[in-house]
Amino acid sequence: MKTLAFLGVAHIHAPSFIQSILERPAQFTIKSLWDNDPARASIAAGHSGGLAVSEYRDILRDDAIDAVIVCSETNLHRELVAAACAAGKHLFVEKPLASSAEDAYAMQRAIDEAGVIFQIGHFMRSYPISQQLKTWIDDGVFGTVTRARHSNVHHGALAGWFDPGLGWYKDGFHWMTELERAGCGGFGDLGAHSLDMLMWLLGNVERVTAQVDRPLGRYECDEYGEGLLRFANGVIASLAAGWVDMLRPQPVLISGTGGVAYVDNGKLFLKSDNLEGADGGEWTDLPAARPHAFVLFLEALLGESVPLISAKEAARRSAVMQAMYHAAQTNTWVKPQKS
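Here we summarise the structure given alongside this text. Every residue gets a number counted from 1 within its own chain, in the order that chain's sequence is written. Reporting in this predicted model follows two pLDDT cut-offs: at least 70 for local features of residues, and 80 or more for side-chain atom pairs to be given and counted; totals over whole chains, interfaces and linings ignore these cut-offs and use all residues. Here the side-chain values reflect all heavy atoms present in the structure, with hydrogen atoms and water set aside.

**Details of the pairing of strand β13 (residues 267-272)**
Remember that side chains alternate between the two faces of the sheet whenever the strand is regular.
Part 1 of the argument: Two strands are said to pair when DSSP picks up at least two bridges between them. Each helix corresponds to a stretch of at least 4 residues labelled H or I by DSSP, and each strand to a stretch of at least 2 residues labelled E; elements are numbered beginning at the N terminus. In this sheet, β13 lies alongside strand β12 (residues 259-264) in antiparallel orientation, the contact comprising 6 bridges. Within the sheet, the bridge partner assigned to V263 lies in β13 and is L268.
Part 2 of the argument: Taken together, β12 and the strand that follows it, β13, pair antiparallel across an intervening segment of 2 residues, in which N265 is found at a positive phi of about 50°.
Part 3 of the argument: Both β13 and strand β14 (residues 279-282) contribute to a ladder of 2 bridges, which runs antiparallel. Along β14, the bridge assignment pairs F269 with E282.
Part 4 of the argument: Between β13 and the antiparallel strand that follows it, β14, lie 6 residues; G277 among them carries a positive phi value of about 85°.

Here's what the structure looks like:
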């Protein structure tokens with residue numbers, strides 16, 4: 001039995017994470033939770049079977065607690081992660097790790113020095129199509145990869161998902177639109193997942209540029225954007241993300257000198273000179289889906305050998321996203337900060 005606690009329940013995914021734990025009572029228990037908003041903490045505790053509400057320092061001093069889940073506002077991550085690492089607690093941090101490279105790399109150093117199990121909430125690697133694309137790239141099915149595109153969009157701003165009054169308490173998830181607390185708007189929020197996918201597939205980023213905008217003006221932050229990334233291996237990729245799209249019909253394209261793959265309405269298509277049967281039609285022989293990133297963290301706590309995302313990977317993604325926002329502000333190309 002592993003004993004867990006929550007440091008913050010502000011994030012939109014916190015309810016589903018709590019439910020995932022409660023569904024496994026033989027393996028996990030949630031002892032307590034904390035949030036910087038006492039009203040939110042109380043409401044979340046009530047929705048979760050009457051959990052105890054504690055101060056986060058008391059949670060970290062509790063030797064019975066094996067791991068903590070950080071679902072706070074992004075601007076609190078550095079303080080909470082540093083304290084959790086000092087206490088030797090394994091930790092899951094909801095994405096993004098940070099809104100600045102400085103904070104992200106500081107957290108990476110603390111996590112690595114503490115030697116704790118770490119995971120972040122990038123879940124797209126678990127998709128069957130994502131795994132297949134990774135295998136094809138590693139096996140040279142595309143020849144030399146020249147360009148790629150990944151998008152992650154939804155209609156959240158159109159539907160008012162972040163308006164006050166939605167969610168567990170009166171302010172709902174409005175904080176995700178406030179740059180001081182969230183560090184980014186729609187481009188960074190959803191683009192974090194696309195960025196993780198592109199870097200997982202293609203490696204390190206050399207320089208970036210981007211543009212963001214707020215066509216609705218519903219929130220005081222960017223609502224969507226487009227980025228262009230030059231990878232160290234020469235690949236040129238584009239990234240689309242935001243809260244103002246009705247559909248996401250063609251989220252992925254990988255193209256190279258020997259082949260091309262793309263996704264159209266959830267179906268994967270491949271044409272390649274390097275793989276038998278890859279004639280441009282739909283490819284249906286896909287690997288099984290892996291569990292969600294959060295579930296992989298739970299499995300790691302039980303001692304299972306599962307693929308996790310390292311603190312170094314998480315920190316690099318925060319640095320690249322910060323560079324894209326800086327590029328958007330200055331209309332320039334920017335090199336991401338290195339550790």
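**Examining the packing of helix α5 (residues 101-114) against helix α11 (residues 311-330)**
Part 1 of the argument: As a packed pair, α5 and α11 sit with axes 8 Å apart at the nearest point and diverge in direction by 175°. Regarding the angle of α5 to α11, the classification is roughly antiparallel. Judged by residue contacts, A101, A104, Y105, Q108, I111 and D112 of α5 engage A311, K312, A315, R316, S318, A319 and Q322 from α11.
Part 2 of the argument: Three residue categories are used. Nonpolar comprises Ala, Val, Leu, Ile, Met, Phe, Trp, Tyr, Cys and Pro, charged comprises Asp, Glu, Lys and Arg, and polar comprises the others, including Gly. Residues belonging to the contact of α5 with α11 are distributed by class as follows: 7 nonpolar, 3 polar and 3 charged. Whenever a helix is involved, its axis is fitted only over the stretch in contact; in every case the axis is a line through C-alpha atoms, and angles between N-to-C directions fall within 0 to 180 degrees. In these notes the angle categories are as follows: under 35 degrees is roughly parallel, over 145 is roughly antiparallel, 65 to 115 is roughly perpendicular, and the rest is oblique. Contacts were defined at the residue level, with two residues in contact if any of their heavy atoms lie within 4.5 Å.

**Here we look at the side chain of Q108**
Part 1 of the argument: Along the chain, Q108 turns up in helix α5.
Part 2 of the argument: Partly exposed residues are those whose accessible area sits between 20% and 50% of the maximum for their type, while under 20% is buried and over 50% is exposed, using a 1.4 Å probe and protein chains only. Classification of Q108 as buried rests on a relative accessible area of 10%.
Part 3 of the argument: Q108 has contacts with A311, K312 and A315, leaving out every residue within four places of it along the chain.

**Thoughts on the nonpolar core**
One recurring pattern in soluble globular proteins is that nonpolar side chains are buried together.
Part 1 of the argument: With 56 residues, the main nonpolar core has L133, L229 and M324 as its most contacted residues.
Part 2 of the argument: Top element by residues in this core is helix α9 (residues 186-202). It accounts for 9 residues.
Part 3 of the argument: With residues near it in sequence (within four places) discarded, L229 still touches L195, L198, V205, R207, V208, V235, I236, A237, S238, L239, V320 and M324. Residues belong to a common nonpolar core when they are buried Ala, Val, Leu, Ile, Met, Phe, Trp, Tyr or Cys residues joined through side-chain atoms within 4.5 Å.

**A few points about unusual backbone geometry**
Part 1 of the argument: Following K95, the chain continues to P96 via a peptide bond in cis, the omega torsion being -10°.
Part 2 of the argument: Within the secondary structure layout, P96 lies in the loop between β5 (90-93) and α5.
Part 3 of the argument: Backbone geometry at N265 places phi at a positive 50°, although glycine is not the residue there.
Part 4 of the argument: Phi at N331 takes a positive value of approximately 55°, unusual for a residue other than glycine.

**Concerning the sheet that holds β12**
Part 1 of the argument: An order of β8-β9-β10-β7-β11-β12-β13-β14 is seen for the 8 strands of this open sheet, with the pairing classed as mixed. Edge positions in the sheet fall to β8 (205-213) and β14, since each has one partner strand and no second. Going from strand to strand, the sheet's axes swing by 10° on average, the running direction of each strand aside.
Part 2 of the argument: Where strand β11 (residues 252-256) lies against β12, 3 bridges are found, and the strand directions are antiparallel. From the neighbouring strand, S255 faces β12, where its bridge partner is V260.
Part 3 of the argument: Here α9 sits on the sheet in contact with β7 (145-153), β8, β9 (224-231), β10 (236-242) and β11, set at roughly 150° to β10.
Part 4 of the argument: Where α11 meets the sheet, its contacts fall on β8, β9 and β10, and the angle it forms with β8 comes to roughly 55°.

**Quick look at the environment of N152**
Part 1 of the argument: Turning to its location among the elements, N152 is positioned in strand β7.
Part 2 of the argument: Classification of N152 by relative accessible area gives buried; the value is 9%.
Part 3 of the argument: In the structure, N152 is positioned 26 residues away from S126 in sequence and 15 Å away in space, judged by C-alpha atoms.
Part 4 of the argument: When neighbours within four sequence positions are excluded, N152 is seen to be in contact with M124, L190, H193, S194, A240, A241, G242 and R248.
Part 5 of the argument: Think of a polar contact as two N or O atoms within 3.5 Å of one another; within protein, one of them needs to be a possible hydrogen donor and the other a possible acceptor, and neighboring residues in sequence only count if both atoms come from side chains. Here L190 takes part through its backbone oxygen, which lies 2.9 Å from a polar atom of the side chain of N152.

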